[in-house]
Amino acid sequence: MSDLRSLRADFPILSREVNGHKLVYLDSAATTQKPVSVLDAMDRYYRNSNANVHRGAHTLSNEATEMYEGARVKVASFIGAQAAQTVFTRGTTTAINHIAYGWGLDHLGEGDRILVTIAEHHANLVPWQIIARHTGAELVYLELTDDYTVDTSDLEAVLDERVKVVAFSGMSNVTGALGPIDVLGKAARSVGALIVLDAAQLVPHSPVDVTEVDVDFMAFSAHKMLGPTGIGALWGKAERLEEMEPTEGGGEMINMVERQTSTWAPVPHKFEAGTPPIAEAVGFAAAVDYLTAVGMENIALHEQELTTYALERLSEIPDLKVYGPKDVTHRGGTVSFELADIHPHDIATILDQDGIAVRAGHHCARPLMKYLDVPATARASFYLYNVPEEVDLLVDSLMNARRIFGIA
Ligand code: C6P
């Protein structure tokens, strides 16, 4: 197995105890832990360079501005992009709201369709629902195959000129299934629809280059890739960002303000109203540096091996059902499951007693839960710092849950 275990020492939290056990953190799909280099970069920024950006008549402000804009260059180049097309947002949710409001309100109308998949996170559904209500457009859904990947065999039935947006995730936060980026991309192009890629669970786990995937917009969050909460990125094609209206007004995003009207600053600042998350941008850049040094190919390989092992070991547990692809080439390291009729929240509580952190619930994907006909699932999600022994501890603890619930 590709061994990244020496990296664990870079994550201080991984050496803490929970309920008398060494922490086993299997909730990275919710948010990841942070290496010392990210913590230090943010600390250094506050200790040495803290000031507001883009206002600078003084040294600190110039330093802060350089750090903030330097972070943009780093985050952009991590996804093969130009800084000028990379907008800092509060995270994936805010990025998709920018697109839905900023583009959707002006470009959608009665009878238009927004094609999504049943596996979407609420962040890629609710903003479109709101815009649909304002414009008279409607959402149409692709469903799943027996192996939990998006069923594209229905595409012909739903794809026509009424489809103006195709919005889908690069990897499901519930099933771990990878999104059919090429197939949906080609389908969208064939009817001239806008392509929106929710990459919250994709960019942290595998190499992504926006010059190689044909999408109009892509959104992701720093906190899911070793960075801080409170910041993420929206990448867009230049012409799309130009035609998109700002959804927030205020300082920083203007060119000129008159009594009745204003003009906008150039992209990306037109979308960054108010004082931006400067320390967070610095932390985001440090996270990107860390991931780049480890190598995204190595991270993807590590997670594939660990997921293969996890699926093998979980299959040894009687009455355990995994809601996700069996083929690891179709999935990432997020594994949702149910165990007999034990409620997922009870599973999470028992695992927590053993120091193991997993998520239980609807994972902000209620339409998917309904489609799968479950109220909730338990979910273990892996990242570069997880090791096979943690999978073994998970399996032991799940066997213990069976005993506690008197299942033979
Ligand atoms: N999923 C999870 O535990 P934010 O909260 O804006 O950083 O990311 C939203 C989001 C959008 N799309 C996908 C596919 C996601 O997984 C998430 C966040 C977390 O699964 C929190 S609900």
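Calculation notes
- Residues numbered from 1 in each chain as written.
- Predicted model: local features only at pLDDT ≥ 70, side-chain atom pairs only at ≥ 80, totals over all residues.
- Heavy atoms only, no water.
- Salt bridge = Lys/Arg side-chain N within 4 Å of Asp/Glu carboxyl O.
- Helix = DSSP H or I, 4+ residues; strand = E, 2+ residues; numbered from the N terminus.
- Buried < 20%, exposed > 50% of the residue type's maximum accessible area, 1.4 Å probe, protein only.
- Near = heavy atom within 4 Å.
- Polar contact = N/O pair within 3.5 Å; in protein donor to acceptor, adjacent residues only side chain to side chain.
- Areas by Shrake-Rupley, 256 points an atom, 1.4 Å probe, with all protein chains shown as cover.
- Nonpolar A, V, L, I, M, F, W, Y, C, P; charged D, E, K, R; others polar.
- Domains from an automatic or database assignment.
- Contact = heavy atoms within 4.5 Å.
- Buried area = accessible area lost by both parts, 1.4 Å probe.
- Phe/Tyr/Trp six-rings, centres within 6.5 Å; stacked < 30°, edge-to-face > 60°.

### Structural notes on the pattern of salt bridges
In step 1: Overall, the coordinates contain 18 salt bridges when judged by the stated rule.
In step 2: Residue arginine 47 pairs with aspartate 43 through a salt bridge whose shortest N-O separation is 2.7 Å. Taken together, the positions of arginine 47 and aspartate 43, both in helix 1 (residues 36-49) and 4 residues apart, correspond to about one turn of that helix.
In step 3: For aspartate 43, a relative accessible area of 35% gives the class partly exposed.
In step 4: The partner of arginine 113 in a salt bridge is glutamate 138, and the shortest N-O contact between them spans 3.0 Å.

### A few points about the site of the ligand
In step 1: If you check the shell around the ligand, you find 16 residues, and the closest are Thr93, Asp198, Gln201, Ser221 and Arg359.
In step 2: In this structure, an oxygen atom belonging to the ligand sits 2.5 Å away from a side-chain N or O atom of arginine 359.
In step 3: Residue arginine 379 places a side-chain N or O atom 2.8 Å away from an oxygen atom belonging to the ligand.
In step 4: Expressed as a share of its isolated accessible area of 510 Å², the protein-covered part of the ligand is 88%.
In step 5: Each residue belonging to the shell around the ligand can be placed in one class, and the counts come to 5 nonpolar, 7 polar and 4 charged.

### Quick notes on the domain arrangement of the chain
In step 1: The domain boundaries assigned to the chain delineate domain 1 (5-26 + 295-404) and domain 2 (39-292).
In step 2: Relative to domain 2, the C-alpha centre of domain 1 lies at a distance of 28 Å.
In step 3: Listed per partner, the contact involves 39 residues of domain 1 and 32 residues of domain 2.
In step 4: Each partner contributes to the roughly 2700 Å² buried at the junction of domain 1 and domain 2, and carbon and sulfur atoms together form 62% of this total.
In step 5: At the boundary of domain 1 and domain 2, one finds 0 salt bridges.
In step 6: In this structure, the connection of domain 1 to domain 2 is made through 16 residue pairs in polar contact (both at pLDDT 80 or more).
In step 7: Looking at the side of domain 1 that touches domain 2, the elements with two or more residues in it are helix 9 (296-314), strand 13 (320-322), strand 14 (334-339) and helix 11 (366-372).

### A closer look at the packing of aromatic side chains
In step 1: All chains considered together, the criterion is met by 8 aromatic pairs.
In step 2: Each ring, one from phenylalanine 11 and one from tyrosine 385, has its centre 4.9 Å from the other, and the planes form 70 degrees; the classification is edge-to-face. With phenylalanine 11 in the segment before strand 1 (17-18) and tyrosine 385 in the loop between strand 17 (377-381) and helix 12 (388-404), this pair connects stretches of sequence that are 374 residues apart. For the pair shown, phenylalanine 11 and tyrosine 385 are each scored as buried.

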